[in-house]
Amino acid sequence: MRNAALILGLIGGLMGLLVGLASYGYTSAVETFGEVEGLFEQVTRLEAIRAASVIAPILALAGAGMVKVRALWGGLLLLASVAGMYLGFGLGFFTLFPMTFCAVAGIIALAAGQPDEPKAHF
């Protein structure tokens, strides 16, 4: 179970990193070059999107890396990254998949206390 959480968390974190790079790049480009009416307009929650672009993928990748040894902490970081992506980006086509991968990885990591180790993490 921990291996599955690791793989799903890595995939979700890397996909979230791509969404974060595109979002941060878009906001920076609009800020640098200006708005084009009807085509490129600045978002209303600039700081939330930029913070989620940086923090949420890092939480996902760190949680995925942690899940083999510390399943509870890794699962909590994965679920925190899902919350960060949802609050920063919202739910859309490009955010649905990284959020789903990270959420499933976090749930699997939280459930992985018993099968892989004789001692549960709770």
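It should be noted that the structure appears before, not after, this text.
Residues numbered from 1 in each chain as written. Predicted model: local features only at pLDDT ≥ 70, side-chain atom pairs only at ≥ 80, totals over all residues. Heavy atoms only, no water.

Q: What is the right way to look at the overall build of the protein chain in this model?
A: A tally of regular secondary structure across the protein chain gives four helices and zero strands. Seen in sequence order, the protein chain has helices and strands lined up from the N terminus as α-α-α-α. Dimensions of the protein chain, computed from the C-alpha atoms along their principal axes, are close to 60 × 20 × 15 Å. For the protein chain, the residues scored as buried account for 36% of the 122 residues in total. (Helix = DSSP H or I, 4+ residues; strand = E, 2+ residues; numbered from the N terminus. Buried < 20%, exposed > 50% of the residue type's maximum accessible area, 1.4 Å probe, protein only.)

Q: Got a minute to help me understand the packing of helix 2 (residues 46-66) against helix 3 (residues 71-89) in this structure?
A: For any two helices packed against each other, one specifies the inter-axial angle together with the distance between the axes. At a closest axis distance of 8 Å, the pairing of helix 2 and helix 3 adopts a crossing angle of 160 degrees. With respect to helix 3, the element helix 2 is oriented roughly antiparallel. Handedness of the helix 2/helix 3 crossing: left-handed. From helix 2, Ala48, Ile49, Ala52, Ser53, Ala56, Leu59, Ala60, Ala62, Gly63, Ala64 and Met66 reach across to helix 3, where they touch Ala71, Trp73, Gly74, Leu77, Leu78, Ala80, Ser81, Gly84, Met85, Gly88 and Phe89. (Axes fitted to C-alpha atoms, helices over the stretch in contact; angles between N-to-C directions. Parallel < 35°, antiparallel > 145°, perpendicular 65-115°, else oblique. Left-handed = near helix turned anticlockwise from the far one by under 90°. Contact = heavy atoms within 4.5 Å.)

Q: Can you help me understand a nonpolar patch on the surface in this one?
A: Residues Tyr86, Leu87, Leu91, Phe93, Phe94, Leu96 and Phe97 make up a contiguous nonpolar surface patch of about 820 Å² in total accessible area. Put simply, the parts of the chain that give the nonpolar patch at least two residues each are helix 3 and helix 4 (93-111). Broken down by element, the nonpolar patch gets its largest block of residues, four residues, from helix 4. Of note, leucine 91 is situated in the loop between helix 3 and helix 4. (Patch = residues over 30% accessible without salt bridge, like charges linked within 9 Å, V, L, I, M, F, W, Y side chains within 5 Å. Areas by Shrake-Rupley, 256 points an atom, 1.4 Å probe, with all protein chains shown as cover. Salt bridge = Lys/Arg side-chain N within 4 Å of Asp/Glu carboxyl O.)

Q: Which parts of the structure should I look at to understand the pattern of salt bridges?
A: Oppositely charged side chains can form a pair if their charged atoms are brought close together. Under the defined criterion, the tally for this structure stands at one salt bridge. In this structure, glutamate 31 and arginine 50 form a salt bridge, with 3.1 Å as the shortest nitrogen-oxygen distance. One end of the pair, glutamate 31, is in helix 1 (residues 2-33); the other, arginine 50, is in helix 2, and 19 residues separate them in sequence. For arginine 50, a relative accessible area of 17% gives the class buried.

Q: How should the packing of helix 1 against helix 3 be read in this particular structure?
A: Running from amino to carboxyl end, helix 1 crosses helix 3 at an angle of 25 degrees, the nearest separation of the two axes being 11 Å. The orientation of helix 1 with respect to helix 3, classified from their angle, is roughly parallel. Between helix 1 and helix 3 lies a crossing whose hand is left-handed. Along the contact surface, helix 1 presents Arg2, Gly9, Gly12, Gly16, Val19, Gly20 and Ser23, while helix 3 presents Ala71, Leu78, Met85 and Phe89. Residues that form the contact of helix 1 with helix 3 fall into these classes: five nonpolar, five polar and one charged. (Nonpolar A, V, L, I, M, F, W, Y, C, P; charged D, E, K, R; others polar.)

Q: Please clarify how the environment of leucine 46 should be interpreted in this entry.
A: Assignment of secondary structure puts leucine 46 in helix 2. The buried category is assigned to leucine 46, whose relative accessible area is 16%. In this structure the C-alpha to C-alpha distance between leucine 46 and methionine 66, which are 20 residues apart in sequence, comes to 30 Å. Contacts of leucine 46, omitting those with residues within four sequence positions, involve Thr27 and Glu31.

Q: Help me out: how do you make sense of the nonpolar core in this one?
A: Generally speaking, a soluble globular protein has its nonpolar side chains buried in company with each other. Formed by 13 residues in total, the largest nonpolar core has its most connected members in Ala60, Leu78, Val82, Met85, Phe89, Met99 and Cys102. Where this core is concerned, the elements lending two or more residues are helix 2, helix 3 and helix 4. Ignoring any residue separated from it by four or fewer positions in sequence, one finds valine 82 in contact with Met99, Cys102 and Ala103. If you look at the next biggest cluster of nonpolar residues, it comprises six residues, including Leu6, Ala64, Ile108 and Ala109. (Core = buried A, V, L, I, M, F, W, Y, C linked by side-chain atoms within 4.5 Å.)

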